[in-house]
Amino acid sequence: MKKAYLVYVLLLCFQALHSQERNISYDNTPLKKVLTDVEERFDVSISYNAKIVQGKFITLKKIPTTLSENFKAITQQTQLVFQKITARTYVLKSPKKKKKTLKERTIDLDKVIISNYLTTGFSKNVDGAIEAIPKDFQTLPGFVEPDVLQSVQLIPGIQSPDETSTGLNIRGGTPDQNLILWDGIKMYQYDHFFGMISSFNPYVIEDVKIYKNAAAARYGNHISGVIDIQSHSKIPKKTVVGLGANMIYVDAFVQQPIGEKVAVIASFRRSYSDAFETVTFDEFSEQIFQNTKITDNNETFSDVLSLTNNTFYFIDFTAKIIAELSEKSQLSVSAILSKNELDFVSKFNEINRRTDDDLLINNRGIGISWEHTWTKKLTTALNVTTTQYDFEYLGEELLSNLFDYETIKKNKVSEIGLHFQSEYQLNKKHRFIGGYELTLNKLDYTIGRQSDVIFDPDFLISSEDSKNTIHAIFGEHQLKLNDWTIFSGIRASYATTLQSFFFEPRIHVAKKLSDEFNASFSAERQYQFVSQITEFETQDFGLENQVWVSADDTTIPVLQSEQIGIGTTYQYDSWNVDVEAYYKKISNLTSLTRGFDVEDSAISIGNSTIIGLDVLAKKRFYNFTSLVSYALTRNEFQFDNLNNTNLFPGNFDIRHYLSFVQSAKFGNLELSLGWRYRTSRPYTLATGLEGDNADTVTIQYGERNGERLNPYHRLDFSAKYELKPFKSKDLKASFGISLLNIYNQKNILNRNYRVIVNTQSAEFQLRTIDKISLGRTPNFMVRLEF
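This report concerns the structure included in the present document. (Residues numbered from 1 in each chain as written. Predicted model: local features only at pLDDT ≥ 70, side-chain atom pairs only at ≥ 80, totals over all residues. Heavy atoms only, no water.)

1. Comments concerning a nonpolar patch on the surface
Side chains of Ile321, Val333, Ile366, Ile368, Val384, Leu418 and Phe420 sit close together on the surface and give an oily, nonpolar patch of about 510 Å² of accessible area. Its location among the elements puts Val384 in strand 23 (residues 378-399). (Patch = residues over 30% accessible without salt bridge, like charges linked within 9 Å, V, L, I, M, F, W, Y side chains within 5 Å. Areas by Shrake-Rupley, 256 points an atom, 1.4 Å probe, with all protein chains shown as cover. Salt bridge = Lys/Arg side-chain N within 4 Å of Asp/Glu carboxyl O. Helix = DSSP H or I, 4+ residues; strand = E, 2+ residues; numbered from the N terminus.)

2. Some thoughts on the packing of aromatic side chains
One pass over the structure, following the stated rule, counts 26 aromatic pairs. With centroids separated by 3.8 Å and ring planes inclined at 15°, the aromatic side chains of Phe71 and Phe82 adopt a geometry described as stacked. Taken together, the residues span a long stretch of sequence, with Phe71 in helix 4 (residues 67-78) and Phe82 in strand 4 (residues 81-86) at a distance of eleven residues. We note that Phe71, like Phe82, is buried. Where Trp182 meets Phe200, the ring centres are 5.6 Å apart and the plane angle is 5°; that geometry is what we call stacked. With Trp182 in strand 11 (residues 179-182) and Phe200 in the loop between strand 14 (197-198) and strand 15 (205-211), this residue pair connects regions lying 18 residues apart in the sequence. (Phe/Tyr/Trp six-rings, centres within 6.5 Å; stacked < 30°, edge-to-face > 60°. Buried < 20%, exposed > 50% of the residue type's maximum accessible area, 1.4 Å probe, protein only.)

3. Concerning the pattern of salt bridges
Here the structure, examined in full by the defined rule, presents 32 salt bridges. Arg270 is the partner of Asp274 in a salt bridge, and the nearest nitrogen-oxygen pair spans 3.1 Å. Arg270 gets classed as partly exposed once you look at its relative accessible area, which sits at 26%. One salt bridge in this structure joins Asp653 and Arg655, with 2.9 Å as the shortest N-O distance. Judged by its relative accessible area of 27%, Arg655 is partly exposed. It is possible to trace a salt-bridge network through shared partners that takes in Lys111, Glu131, Asp207 and Lys209.

4. Focus: helix 4
Owing to its 3.6 residues per turn, the α-helix aligns residues three or four sequence positions apart on the same side. Between its first and last C-alpha atoms helix 4 spans 17 Å; for twelve residues at 1.5 Å apiece the expected length is 16 Å, and the two agree. For helix 4, every residue scored as buried is listed here: Leu67, Asn70, Phe71, Ala73, Ile74 and Thr78. Across the axial projection of helix 4, the buried residues extend over an arc of 165°, all falling on one side. Along helix 4, the residues that are exposed and aim more than 90 degrees away from the buried face are Lys72 and Gln76. Buried positions along helix 4 lie against helix 2 (31-42), strand 2 (45-48), strand 3 (57-60), strand 4 and strand 5 (89-93). Two residues or fewer past helix 4, Gln79 is found with a positive phi of approximately 70°. (Expected span 1.5 Å × (residues − 1). Arc of directions from axis to C-beta. Contact = heavy atoms within 4.5 Å.)

5. Observations concerning the sheet that holds strand 16 (residues 226-231)
A sheet is described by the order of its strands in space; here seven strands give the open sequence 6-7-8-15-16-11-12, paired in mixed fashion. Whereas interior strands pair on both sides, the edge strands pair on one side only; in this sheet they are strand 6 (112-115) and strand 12 (185-186). (Pairing = 2+ DSSP bridges.)

6. Quick word on the side chain of His192
Within the fold, His192 resides in strand 13 (residues 191-192). Here His192 falls in the buried class, since its relative accessible area comes to 0%. Excluding residues that lie within four positions of it along the chain, His192 makes contacts with Ile197, Ser198, Ser199, Arg269, Phe314, Ile315, Asp316, Ser338, Lys339 and Asn340.

7. Quick word on the nonpolar core
Grouped together as the largest cluster of nonpolar side chains are 43 residues, with contacts concentrated most on Leu118, Trp182, Met187, Phe200, Val208, Ile210 and Ile227. The set of elements that each furnish at least two residues to this core consists of strand 6, strand 8 (130-132), helix 6 (148-151), strand 11, strand 15, strand 16 and strand 19 (262-271). Counting residues per element, this core draws most heavily on strand 15, at three residues. When near neighbours in sequence (up to four residues on either side) are disregarded, Ile227 contacts Leu149, Leu168, Leu179, Ile180, Leu181, Val208, Lys209 and Ile210. Listed in part, the 25 residues of the second largest apolar core include Ile288, Tyr389, Phe391 and Val413. (Core = buried A, V, L, I, M, F, W, Y, C linked by side-chain atoms within 4.5 Å.)

Encoded structure:
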């Protein structure tokens, strides 16, 4: 209860600051400064010609509390008028001269229905997508860097039950069911430090689109969400260099124009934990490596008798060349590489025992894009990509001259993709997009163990050159009629290995009810041909027990999902509200793809039904912003051979998610405090052991997912300060600090069981394995940009 009181007191302090906000007054204040203040206080954008505000001043003894009253006061003193473009965008102009005022800008902004959705840099578009621009992000609680995949977890319906950056469950789906793209390149591995950090450098990202439902028909081979990341696509006017460091890694980027028509943009990040360990690294390591061979070996033998060496590091690199071939044509080449490497060695000299675990994970991709504008109405784009994912694990255990165990696991994915599309703007009401996509992938995996022990037979499971080719054609139509906007699409795919056709219709309808209210309806059907399964042979190592496999016509069926949703948005003055209810069904799941903690010899086929409600509410008051993000989710499974075919809670059937964020900005200083809460996660209780020897002993379980862990809660804080040293226009510096889990709450993220041997009694015993959440974790960052 003391921790709960602490949360309550801290949040009250923020609220008290709201109520005690200074009563600002204007005394012959330049109009330009007043407009800037209005934009910050009410979260709006005001465009104007600089000439019309020159020489104009505002005097107000008491500033009005609403946006409309502020506009009225300014108009009375300046005779200038405000024209509303969207709910969050306005133009200030002289009433005597009617201008063409930002016609192109109006068209662009028409797609936005909520600006500053989570914070600055986020918006919700009329097609249902949430758009994010990392360079505009305001500080979010617990993070010193604008990590895109961490930031989106404040969006209701997107959660990470295991606290990682990349373990995203979007409306009941699993991370492998999401489509993650970098400049059109499909990413099969996009994390560092086993999920704690995403492998995308936020300082070279231009734009991110996030879909929870009814993504455009151009996106295929997924049944959950889409996160489409685009790096910088414009040629910079001058050289820009950025350098940064935090308590995990160092990074750098450069934007270098070569003349007026060509530019090179590159970035690099590397952890330094293999040379120097910080308290942040130690906390991350404790959370990641718990219940693995790395920590188990340290617990088994005392530090005096054993020697361990744990070397871990990661790097990522991006490069992009942009060339303007003409005023109507652009060519770009993009490359991305991420690498994680772990080498763990443990020695126990008394009995001449040694274990060695080597893990290497690589993901690299290259994409070539060409875009051409033929006429004002017709454009085409061609994108050719290649992706290579490599996972290699080798574990070896030697005990004097008695035995030698070796465990191996390899997983490779090679993919070549071609994407062509044309866009035709018939008129102001109709826009058409059509295209063709070709995907060729090859997947290999090898899992095995061998030893020189006679009574422990060797085994090897492998699938080599599992190839599949997917041909897809797609069409999209956008209809804009009065206050209605309808996005419809169809995707037809043919899988050569399966010799089957798959049809995927999508639709999103948006209706403007008033200047403040909008309503929407969406529906979709999707298929996925490549997914992950869980393997148990390397579970003793305790890390990365997922394998990418291709669907076949026997063991692994093609995943299928249907989803419908209905929602409404409200935006007025400093209020943002977004509510959406949805129903989702996923079919052709297998007990392997869901990764049950209970190992079953038989593979079961089943489905998942998710019913949910996503709610986001935000209020801005002067320098302060209050945000509430809430998700109600019911996720149930039904499998042929499990639980007597009865419904049972899904692995991530966490009914309630709640995030409460308070942010403040004072000049160049940003502060953010956030509290996260979620109700209990289900697990299957082990009731005992059966069997009396190593060949027959098994764990007996109770009702599948019939028990629940304790609720989860955590309080986080961040602060960031920006400045321009030496009053330089080109040099910018920023500093940031963060503290995750301020009151050091010990949350149980997951629970499973193992069979161990009591060394004293030589009896088999049941051991409970709890995975504990991240402890109190500080971080600090410093950045320079010039």
